[in-house]
Structure formats: structure tokens, C-alpha cells
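# A closer look at the structure
Here's the letter readout for the chains.
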Amino acid sequence: MKRIQCIILAYAFVVGFQLYAEGFIADTPVHNFGNRPATIKQLCEGIAKGKKRFVSGWHEDRKQWSSKRVRRAGCGTVNCTITLAFDDNPAHDITCSPIQLFYIPQRSEWVEAYAFRIGDLLHTESGETIRLAGLSLHKQQREVYALCVRKNHTFCVGYYRILTHNKHFPLLPLAIM
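Residues numbered from 1 in each chain as written. Predicted model: local features only at pLDDT ≥ 70, side-chain atom pairs only at ≥ 80, totals over all residues. Heavy atoms only, no water.

### Section: the overall build of the protein chain
The number of helices and strands found in the protein chain is 2 helices and 15 strands. For the protein chain, long-range pairs separated by at least 24 residues make up 62% of all intrachain contacts whose partners lie at least 6 apart in sequence. For the protein chain, the exposed area adds up to about 9,500 Å²; of that, 53% sits on carbon and sulfur atoms. (Helix = DSSP H or I, 4+ residues; strand = E, 2+ residues; numbered from the N terminus. Contact = heavy atoms within 4.5 Å. Areas by Shrake-Rupley, 256 points an atom, 1.4 Å probe, with all protein chains shown as cover.)

### Examining the pattern of salt bridges
Scanning all chains against the criterion turns up 2 salt bridges. Across the salt bridge formed by Asp 120 and Arg 107, the nearest N and O atoms sit 2.7 Å from each other. Within this pair, whereas Asp 120 is found in the loop between strand 8 (109-112) and strand 9 (121-123), its partner Arg 107 is found in the loop between strand 7 (101-104) and strand 8, the two being separated by 13 residues in sequence. For Asp 120, a relative accessible area of 2% gives the class buried. The salt bridge involving Glu 125 is made with Arg 161; its shortest N-O contact spans 2.6 Å. (Salt bridge = Lys/Arg side-chain N within 4 Å of Asp/Glu carboxyl O. Buried < 20%, exposed > 50% of the residue type's maximum accessible area, 1.4 Å probe, protein only.)

### Focus on the pairing of strand 3 (residues 54-59)
When you tally the buried positions in strand 3, you get 5 out of 6 residues, the bulk of the element. Hairpin connection of strand 3 to strand 4 (residues 64-78): 4 residues between the antiparallel strands, including Lys 63 at a positive phi of 55°. (Pairing = 2+ DSSP bridges.)

### Comments concerning unusual backbone geometry
Phi angles above zero are rare outside glycine, and Ser 108 is one such case at about 55°. With respect to the secondary-structure elements, Ser 108 resides in the loop between strand 7 and strand 8. At Arg 161, a residue that is not glycine, the phi angle is positive and equals roughly 55°. By the secondary structure assignment, Arg 161 is in the loop between strand 13 (154-157) and strand 14 (162-165).

### Some thoughts on the packing of aromatic side chains
If you walk through the whole model with that rule in mind, you get 7 aromatic pairs. Judged by centre distance (5.6 Å) and plane angle (55°), the ring pair of Phe 102 and Phe 116 falls under tilted. A residue pair is termed long-range when its members are at least 10 positions apart, and Phe 102 in strand 7 and Phe 116 in the loop between strand 8 and strand 9 qualify at 14 residues. Here the two residues Phe 102 and Phe 116 agree in accessibility, since each one is buried. (Phe/Tyr/Trp six-rings, centres within 6.5 Å; stacked < 30°, edge-to-face > 60°.)

### Thoughts on the sheet that holds strand 5 (residues 81-85)
The sheet built from 3 strands is open, its strands ordered 6-5-11 with antiparallel pairing. The open sheet has two edge strands with one neighbour each: strand 6 (94-96) and strand 11 (134-138). Across the sheet, the mean angle separating the axes of adjacent strands is 20° when strand polarity is ignored. Of the strand pairs in this sheet, strand 5 and strand 6 are connected by 3 bridges, and their pairing is antiparallel. Bridge pairing links Leu 84 to Ile 94 in strand 6. (Axes fitted to C-alpha atoms, helices over the stretch in contact; angles between N-to-C directions.)

Everything listed here is a matter of geometry and, on its own, says nothing about what the molecule does.
What follows is the structure, given as C-alpha cells:
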């Protein structure tokens, strides 16, 4: 009986993990000042090897960008992803878990990707905004990668350097620095 309970508990944990994880698909570019972007997978692999990695992070109190150290990196599987489109070039799209947080200046709040509406304006590293042109949901399992950034928990992703947040960090850790 205890064996069956353990199996059910393990299954529930895995399913919950897949529904709750936040992150980005492997080839998502992550930015730092003056450096070429690295993919989120490359950053996670570097952290796993014990290397220090830094990203552009937004300091909300000071209203400025600064280089912030990545403290943890993780990888997990989600049951679905959402793709955010900003123009006609698919290379500029961002694919992430539906609960990934982004800052919407017109609402003055952090919003999960599944709650976006076409036309929402997302905050970029330049201080400008970019209009969300399209959304698509993909109901298939995908591996996602996440970063936990020191202090402010924010970083920039994608071609347009869009501000995102790592509020939740339930992924299996690759490394903790």
C-alpha cells in the first residue's frame, strides 16, 4: 500500500511541476550590457558548470538597469507553451511557459503570459515599449529553462530585450551559486 501511495505522490508532484514551471525554451536570447546575448540554455549550462553569469536586470526602486548575477538556473518540462509575436519575423518571437511574468506598463503590473491581450505593450530594456502582435498556445510538452537573478529577479529576453521576472522557481535546479 505504501508503495502505491509513493507512486501516486510522485506522479502528482511531476504533473504539478509541469503545470507550474515557468521559463523559456532553449534558444531564447538573454541579454547583458554590451555583450552578445546568450541563449537561456547556454546560461543555464554555464551556471551548472560553476561559471558566474550576469544579465541585464531592472532595479525597480532606482528605475535603472544594472548587471545582475544569476544565482540559480533550472530546467523543467511544461505541458504547454505560449508564443509571443511582435512582428512578422518568427525569429523575434518569444516562447515561454504560460505563467512567465512580463511587465505591462499600461497596467503598471507584472502579468503572466497567458493573461496577455493582443495589443498589450511590453517594457523593453531601452525604456520603450513594444506592442504584442500575436499569441499562440502550443499544447505539447516542452523543456523550459529558468534563471533566478540576484536581488531584483528581472532580466531581458528576446530580440527586443523584453523585461521578464523570475517570480517562481519550481524547476529542478541545474546549479545554485
